[in-house]
Amino acid sequence: MLLAAASAASAQEIHEVTPLDLGPLAEDYAPVFLDSGLVICSLRESEATIAFKNAETGKPLADLYWVPMEDDVPGRPFLFSSNLATPVNDGPATFTDGGRSICFTRNQVLPKKLSNFNGNNSNLGLYFSSRTNETWSAPTAFEHNSTKYSAMHPALSAHGDTLIFASDMPGGFGKVDLYRSVRGSNGWTIPVNLGPMINGPDNDVFPAFGQDGTLYFSSDRVGGQGKLDIYVVHIDGENFLPPQALEAPINSPGNDLGMAMRPDGRSGWFSTDRTGIDRIFSFKRTVPKFRECAPQQLNNYCYSLKTRPHAATVTLPLDHVWDLGDGTRITGTIANHCYKDPGTFTVRSLLIDRRSGSVFQELKRHDFVIEDIRQAWISAPDTVRTGRALILDAKQSHLPDMQAGEFHWDMGDGSLLYGNRTQHTFRAPGVYEVKLDILSVPDADGHIANRCNTRKIVVLDRFRDHEDMAVVATYQDAAGNNHSFEYQELPFDQMGVTMDELGDATFSVELFASKDRISLDDPKFAEVRKLYRVVERFDPERGVYTYSVGETKDMEELYKVFRKVKELQFLDAEVHQLQMEKLMDLSQLDMASLQELDHTKLRTNAIHFAYKSADLGEGSEVILEQVTGLMRQHPELKLVIEAHTDDIGSRAYNLDLSQQRALSVLQYMEAHGITGDRLVPIGHGKNQPIASNKTEEGRSKNRRVEFRMTVNADAEAFQKQGALTGVSKTPTR
């Protein structure tokens, strides 16, 4: 049995209520959540030799029972404590001190037989007990019990210092009212009526506290759904706000009472006689099921990659090879490939030396993210025969944006199932639309997200012959493997080399890259420097120092250099296209956009240093403040500060002097608010002249500072995010 409130809007939350199966021939009410189970009042036959029964109904009297719960499934109820059980009524109860203290309702007088009960000795009172080593102590009476009236239905606050209970003591506003007593150093205070805003003209009973201190109780006042209805009272400071009746399906035309909340504040239990007998129901606040369901889509891991033929493959012994990032390499300008599983793969477009098999040049690379479609995935055969169990599971669902909490199945034949793995048997042949709705756990604001997908299952008559296998279209990849997918084409602008990039490109053979800076006088450069000038650069995007030779636009000349450095045992050598850096004038800085500044070089001789010193000279502040202001304006920029000298003095001396000068510039900018993680100081000494050192004019040009500007990789990735999302495939099946 499942009852749900009508929803005015599809996303509106509702309450669902479901009866607990606690066995037949019993009446159960007033649940209390304790540890991993429930303490309930129950009218059920006991195993006692002599048991009192209600003289009018012939039913057993109430006792406290323990109901163990595992994964919301109740176990068999058993007597809560023989120490607390009496032949007459025991319960309801409330707990505090982590479940080690109990207050419960009991008849104040224990007669020898039920016929001796009368108005003077059948009144109920409250009793306290504490637990030591799993044993409950002998109960002690509440000091305000009286044989003239009943005190019953206790509710203790979380700290155990406030007691709310129901009583028919004289002076109330109705037949039974709610009262409050506070525990102090001298015991419990005289009970005080909660007043006419809480208590109505008839019966107000079964109080209970929620986890947040909210008060719940039941009342048969006018305006409810039926007889006793459950009301909620929110507390503002020490003041109660007006009671509000809970909506259906919690309240019903019957008696609804005994609210017990879980710690999550969204679910719990209550008791009701709406089915004709007192039973415990569970409830939870959730969202409507199976709304906005979409057909399940096949995940597609197959892709087609294309590029234009590279001119170098015509004149040189070079082949174009696709490195797909999963160990697969395919030669040619077109590659059709199916990945086995989702993941992140670095796809590279390569030129490979046919003679040695080594990488000549990496033309393009892209970190290609393949993930399953975000959907609730129904794993099941396409067909099943009647009378045979169909196994279904949701374990391959891909919902990275939500934490799955519940799995609900609509089998299309009226059956509703629960769990991330289940099974079902269809009785009649046909085509059934199975729905899987996954609900998230509530977020910090209590909101529940859901994702619902559908899949058609063909049910065949098991007594007739059928072709069980569905016919599907297949595609064959380069390796000859068949796949029931179409290839997704990776956008050309991600992996193709454009003619503009090749038209005026300059290349060099990178010997290797290093996180640590290496002196050009290092012995490893001894042989190669006899043939070529070794150029040191800092690559801010990779964060490495690179060492390269053979800067040229001629691919055939480049290939000769490549072969030579391989012979000199630079085994990691590859051809790299040099980044085109635009020289920018100081007058253009303030008006340039971030995109225009990326990969731009600012060259100046207007930063002066003292003779043979790294101390900044007079007049340098003008340029430095302009560059510093630019860095403040564009926090995404990173700056490589490169200082150069003329050739007067030794290589080592000039290298050290230029490094100190680059550091002086960095320190100036740090002192003016630019963080050091955006600045890289490099001194090149006399290694990179731009003019002849034979004249003073040439030497003056070589004594310079250059600022190389790049956009921070994270900022650039953020800017390009829209374009990159186009790489992710969209199934075309």
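The structure displayed is predicted, hence computed values, not measured ones.

The next subject is the side chain of His599. Residue position: His599 is located in the loop between α5 (594-597) and β49 (600-604). Overall, the relative accessible area of 13% leaves His599 in the buried class. Of the polar contacts made by the side chain of His599, one reaches the side chain of Glu541; its length is 3.0 Å. In this view, His599 contacts Glu541, Gln579, Met580, Glu581, Lys582, Met709 and Thr710; residues no more than four positions away in its chain are not counted.

Below, the discussion takes up the state of the cysteines. All told, the structure shown has two disulfides when counted by the stated rule. Shown here is the disulfide that connects Cys293 with Cys452, its sulfur atoms set 1.9 Å apart. Disulfide Cys293 to Cys452: torsion about the S-S bond roughly 85°, handedness right-handed. Here Cys293 is found in the loop between β26 (279-286) and β27 (294-295), whereas its partner Cys452 is found in strand β40 (residues 450-460), with 159 residues between them in sequence.

Further remarks concern the sheet that holds strand β20 (residues 229-233). The strand order across the open sheet built from four strands is β18-β19-β20-β23, with neighbouring strands paired in antiparallel fashion. Edge positions in the sheet fall to β18 (204-209) and β23 (244-245), since each has one partner strand and no second. Note that strand β19 (residues 215-219) and β20 share five bridges and pair antiparallel. Within β20, the position partnered with Ser218 by the bridge is Ile230.

The strand order across the open sheet formed by five strands is β48-β49-β52-β50-β51, and the pairing between neighbours is mixed. Edge positions in the open sheet fall to β48 (582-583) and β51 (679-685), since each of these has one partner strand only. Pairing of β48 with β49, which is carried by two bridges, proceeds in the parallel orientation. If you follow Leu583 over to β49, its bridge partner there is Lys601. With respect to the sheet, helix α6 (residues 621-633) is in contact with β49, β50 (637-644), β51 and β52 (705-711), its orientation differing from that of β50 by roughly 155°. Strands β50, β51 and β52 of the sheet are contacted by helix α7 (residues 651-671), whose axis makes an angle of about 155° with β51.

What counts, and where the lines are drawn
- Residues numbered from 1 in each chain as written.
- Predicted model: local features only at pLDDT ≥ 70, side-chain atom pairs only at ≥ 80, totals over all residues.
- Heavy atoms only, no water.
- Helix = DSSP H or I, 4+ residues; strand = E, 2+ residues; numbered from the N terminus.
- Buried < 20%, exposed > 50% of the residue type's maximum accessible area, 1.4 Å probe, protein only.
- Polar contact = N/O pair within 3.5 Å; in protein donor to acceptor, adjacent residues only side chain to side chain.
- Contact = heavy atoms within 4.5 Å.
- Disulfide = S-S within 2.5 Å.
- Pairing = 2+ DSSP bridges.
- Axes fitted to C-alpha atoms, helices over the stretch in contact; angles between N-to-C directions.

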